[in-house]
Amino acid sequence: RAPTTMTQTLTKYGLYEALFAALGQARNDEPAWLAEMRAKGFERFQQVGFPVERRGNEEWKYTNIKPIAEAVFEYPAAAGDVPLSAITDRLPFDTGMTRIVFVDGHFAEALSTAPAEGVTVMPLSQAIRKHTGLVEKHLGQYAQVNHGAFAALNAALFADGAFVVAEGATRMPVHLVYATTTAGSMTYPRTLVVAGPTSELTLVETYVSLTDGNHFTDAVTEIVLEDGARVDHYRLLLENDSAYQVGQVRASQGRDTHYGGLVYETG
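Residues numbered from 1 in each chain as written. Predicted model: local features only at pLDDT ≥ 70, side-chain atom pairs only at ≥ 80, totals over all residues. Heavy atoms only, no water.

**Student:** Explain the packing of aromatic side chains to me, and be specific about the residues and the numbers.
**Tutor:** Per the stated rule, a full pass over the model turns up 17 aromatic pairs. Here phenylalanine 42 and phenylalanine 45 contribute two aromatic rings whose centre-to-centre distance is 6.0 Å and whose plane-to-plane angle is 45°, an arrangement assigned as tilted. You can see phenylalanine 42 and its partner phenylalanine 45 sitting in helix H2 (residues 32–48), 3 residues apart, about one turn around the helix. A relative accessible area of 5% places phenylalanine 42 in the buried class. Taking the relative accessible area as the measure of exposure, phenylalanine 45 reaches 0% and is therefore buried. Ring geometry for phenylalanine 73 and phenylalanine 216: centres 5.7 Å apart, planes at 35°, overall tilted. Here phenylalanine 73, found in the loop between helix H3 (66–70) and helix H4 (84–88), pairs with phenylalanine 216, found in strand E9 (residues 216–225); they are 143 residues apart in sequence, far enough to count as distant. (Phe/Tyr/Trp six-rings, centres within 6.5 Å; stacked < 30°, edge-to-face > 60°. Helix = DSSP H or I, 4+ residues; strand = E, 2+ residues; numbered from the N terminus. Buried < 20%, exposed > 50% of the residue type's maximum accessible area, 1.4 Å probe, protein only.)

**Student:** If you had to explain empty space enclosed by the protein to someone new, which residues and values would you point to?
**Tutor:** Applying the stated criterion across every chain yields a total of 2 cavities of 30 Å³ or more. In this model, the largest cavity occupies a volume close to 60 Å³. Forming the boundary of the largest cavity are 13 residues, of which Tyr75, Gly105, Ala159, Thr187 and Tyr188 lie nearest the centre. When grouped by side-chain class, the residues that make up the lining of the largest cavity number 8 nonpolar, 3 polar and 2 charged. Computed from the structure, the second largest cavity encloses a volume of approximately 50 Å³. If you trace the second largest cavity, you find it lined by Phe102, Asp104, Gly105, Tyr178, Ala179, Thr180, Thr187, Pro189, Tyr207, Thr217 and Glu239. Ranked by residue count, the leading element in the lining of the second largest cavity is strand E5 (residues 174–180), at 3 residues. (1 Å grid on protein atoms, 1.4 Å probe; cavity = no way out; pocket = protein on both sides within 12 Å on 5 of 7 lines; lining within 4 Å. Points joined across faces, edges and corners; volume = space filled by probe spheres on them. Nonpolar A, V, L, I, M, F, W, Y, C, P; charged D, E, K, R; others polar.)

**Student:** How would you sum up unusual backbone geometry? Please name residues and give values.
**Tutor:** A positive phi angle is found at threonine 198, which is not glycine, with a value near 60°. Take threonine 198: it is sitting in the loop between strand E7 (190–195) and strand E8 (200–209). Using a relative accessible area of 56% as the deciding quantity, one classes threonine 198 as exposed. We note that aspartate 256 has phi near 55°; this positive angle belongs to a residue other than glycine. Here aspartate 256 shows up in the loop between strand E11 (244–253) and strand E12 (258–265).

**Student:** So what about the sheet that holds strand E10 (residues 230–238)? Which residues, and what values?
**Tutor:** Spatial ordering of the open sheet is given by E2-E1-E5-E8-E10-E12, a layout of 6 strands whose pairing is mixed. A single partner strand is all that each edge strand has here, and the edge strands are strand E2 (106–107) and E12. Examined bridge by bridge, E8 and E10 share 9 bridges and lie parallel to one another. In the strand pairing of E10, valine 204 is matched with tyrosine 234. (Pairing = 2+ DSSP bridges.)

**Student:** Requested: an account of the side chain of threonine 206, with residues and values cited.
**Tutor:** Among the secondary structure elements, threonine 206 is positioned in strand E8. Residue classification places threonine 206 among the buried residues on the basis of a relative accessible area of 0%. A distance of 2.8 Å separates the side chain of threonine 206 from the side chain of histidine 175, its partner in a polar contact. Apart from the residues within four sequence positions on either side, threonine 206 is in contact with Leu91, His175, Leu176, Val177, Tyr178, Leu236 and Leu238. (Polar contact = N/O pair within 3.5 Å; in protein donor to acceptor, adjacent residues only side chain to side chain. Contact = heavy atoms within 4.5 Å.)

Printed below as a string of structure tokens:
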């Protein structure tokens, strides 16, 4: 059904409906709790639509979302081989870090490195099966589907993202790299970070374009800091001038925790 609170074209929303239905068939092996979260996310997106109206829309009244709402973006397939240099040449720093790379929304194992001692780093798609209880406990609890259209759409459509668990003081920063190679594409990176009690983690989250064409990134990051934990979080938005990105970070802090966030954006 069409959004009830926004006046927007049925055609664009029909494309999202068809995509959600097709992805649902491909993901029929996902756990029931995740399928329910996705369904609630898409239902919420249908209810509110993209926040294009200025009246009664305090959060977005000074940001023009119409170019995103009116564009037709494609959901990309897994990219072919991407040379490591194509990624690292676009990173201002990367040496001495644990790196996990996603290309067009899909995990690129060949471009990633093994995690250092004291930290678990893996694709969220794998963690959903290997660490089911922990993921179910936290995923979607802080960036909830009722936190706006973009959070809801990410919950419905994300293909993959990073899962990080820190225990103790990690020696190496963890570098999450989300790269887009396909012009006219849309990706939905989903990141879940759990910093255990008294742990220390430096997290770098970088977004880069390997194309000069426009594309759309709808990113959601959830960070859980258990008692005594410290997370220093850096987000580098290095996508091209034609790209659109909407990013959301939600942190949940226990007692005696420290969360520091810094965003750097080119443009």
